[in-house]
Amino acid sequence: MRLWRIEWPFALISLSNAAAANESGDERVNLLPTEQELARRDACPGGGVLRYAGDPPYAGLPWHLIESVPAIGRQHAALSRNEAPWIRKLSGPARPVRIFEHDGVNVVLFDLCRPHRCDAESLYGVIVLPSLDYGLVLNEQGRSRRLGSHTPVTDAALACAKSIDERRREP
C-alpha cells in the first residue's frame with residue numbers, strides 16, 4: 001500500500017509535464033546524422049561529392065536549418081509565403097541536411113515531403129555557401145516548380161542528390 005501512495009505523486013508530475021509540453025506546440029527534435037552517416041561520401045555522376053552536414057548550424061533536419069540560420073530563415077519565409085503550411089514550416093518526413101561539394105563550392109541541400117503524401121508532393125532546397133543564395137524545387141502531382149535562386153552548381157547539386165536518392169530507393 002505504501003508503494004501505491006509514493007507512485008501517485010510521480011505519475012501526476014509526469015502527466016502535468018506531458019500536458020505542458022503538448023501546450024507549447026513545439027515538440028520537434030533536431031536529429032543529427034550518425035557517425036556512420038557522417039563518414040559516408042557519395043560520388044556524384046556529374047562530378048562532386050554529397051555528404052551529410054555535420055557542423056552546426058547546418059547539421060540536422062531542414063526545419064532546424066531555417067530556425068538556426070536567420071538569413072536562411074528570412075529567405076525561406078519570403079519564398080514560401082504563399083505556399084502550403086508544410087512548405088512554410090518545412091514540416092514533413094525528411095533526411096538530415098546534406099552538403100554537395102564540387103570545384104571548391106559548397107551547396108547545402110535538403111529534401112522533405114508532405115506528410116502522408118510523399119508520393120505526390122515533395123521539395124528540395126539548395127543554399128550556396130557562403131553567399132546564401134537560396135532556392136526551392138517543389139514537386140507537386142508530377143509537376144515541378146522552381147522558386148528563388150538557381151545556378152549551374154545548384155542544378156548539379158540537385159541532380160546529384162536525386163540520382164543518389166533514386167539509387168537508394170531501388171531494391
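Predicted, not measured: the structure shown is a model, and the values here were computed from it.

> Can you tell me about the environment of Asp111, naming the residues and giving the values?
With respect to the helices and strands, Asp111 occurs in strand 4 (residues 105-113). C-alpha separation for the pair Asp111 and Leu123, spaced 12 residues apart in sequence, amounts to 5.6 Å. With residues up to four places along the chain from it excluded, the contact list for Asp111 reads Pro62, Ala94, Arg95, Arg98, Leu123, Tyr124 and Asp165. At 3.0 Å, the side chain of Asp111 forms a polar contact with the side chain of Arg95. A distance of 3.0 Å separates a polar atom in the side chain of Asp111 from a polar atom in the side chain of Arg98.

> Residues and numbers for the nonpolar core, please.
Counting 23 residues, the largest nonpolar core has Tyr58, Leu65, Ile72, Phe110, Leu123 and Ile127 as the members making the most contacts within it. Taken together, the elements giving at least two residues each to this core come down to helix 3 (62-68), helix 5 (85-89), strand 4, strand 5 (121-129) and strand 6 (133-140). With near-sequence residues (within four places) excluded, Phe110 lies in contact with Pro62, Leu65, Leu90, Val97, Leu123, Tyr124, Gly125, Ile127, Tyr134 and Leu136. Listed in part, the 15 residues of the second largest apolar core include Cys44, Val128, Ala157 and Cys160.

> Could you give an account of the environment of Trp63, with specific residues and numbers?
When you line up the elements, Trp63 lands in helix 3. Owing to a relative accessible area of 11%, Trp63 belongs among the buried residues under this scheme. With 29 residues separating them along the chain, Trp63 and Gly92 place their C-alpha atoms 9.1 Å apart.

> Tell me about the pattern of salt bridges, and please be specific about residues and values.
If charged atoms from side chains of opposite charge come close, those side chains can pair. This model, assessed by the stated rule, comprises 11 salt bridges. In this structure, Glu101 engages Arg51 in a salt bridge whose closest nitrogen and oxygen atoms are separated by 2.7 Å. Of this pair, Glu101 sits in strand 3 (residues 98-102) while Arg51 is found in strand 2 (residues 49-52), placing the two residues 50 residues apart along the sequence. Residue Asp111 pairs with Arg98 through a salt bridge whose shortest N-O separation is 3.0 Å. Placement of Asp111 in strand 4 and of Arg98 in strand 3 is noted, with a sequence separation of 13 residues between them. Arg98 matches Asp111 in its accessibility class, with the two residues each being buried. One network of salt bridges, in which partners are shared, links Arg95, Arg98, Asp111 and Asp165.

> I'd like to hear about the pairing of strand 6, residue by residue, with values.
Of all eight residues that make up strand 6, six are buried, and the element is covered over most of its length. Of the strand pairs in this sheet, strand 5 and strand 6 are connected by eight bridges, and their pairing is antiparallel. For Glu121, the partnering residue across the bridge sits in strand 6 and is Glu140. The antiparallel pairing of strand 5 with strand 6 creates a hairpin that spans three residues between the two strands, and Leu132 there sits at a positive phi of about 65 degrees.

Analysis parameters
Residues numbered from 1 in each chain as written. Predicted model: local features only at pLDDT ≥ 70, side-chain atom pairs only at ≥ 80, totals over all residues. Heavy atoms only, no water. Helix = DSSP H or I, 4+ residues; strand = E, 2+ residues; numbered from the N terminus. Contact = heavy atoms within 4.5 Å. Polar contact = N/O pair within 3.5 Å; in protein donor to acceptor, adjacent residues only side chain to side chain. Core = buried A, V, L, I, M, F, W, Y, C linked by side-chain atoms within 4.5 Å. Buried < 20%, exposed > 50% of the residue type's maximum accessible area, 1.4 Å probe, protein only. Salt bridge = Lys/Arg side-chain N within 4 Å of Asp/Glu carboxyl O. Pairing = 2+ DSSP bridges.

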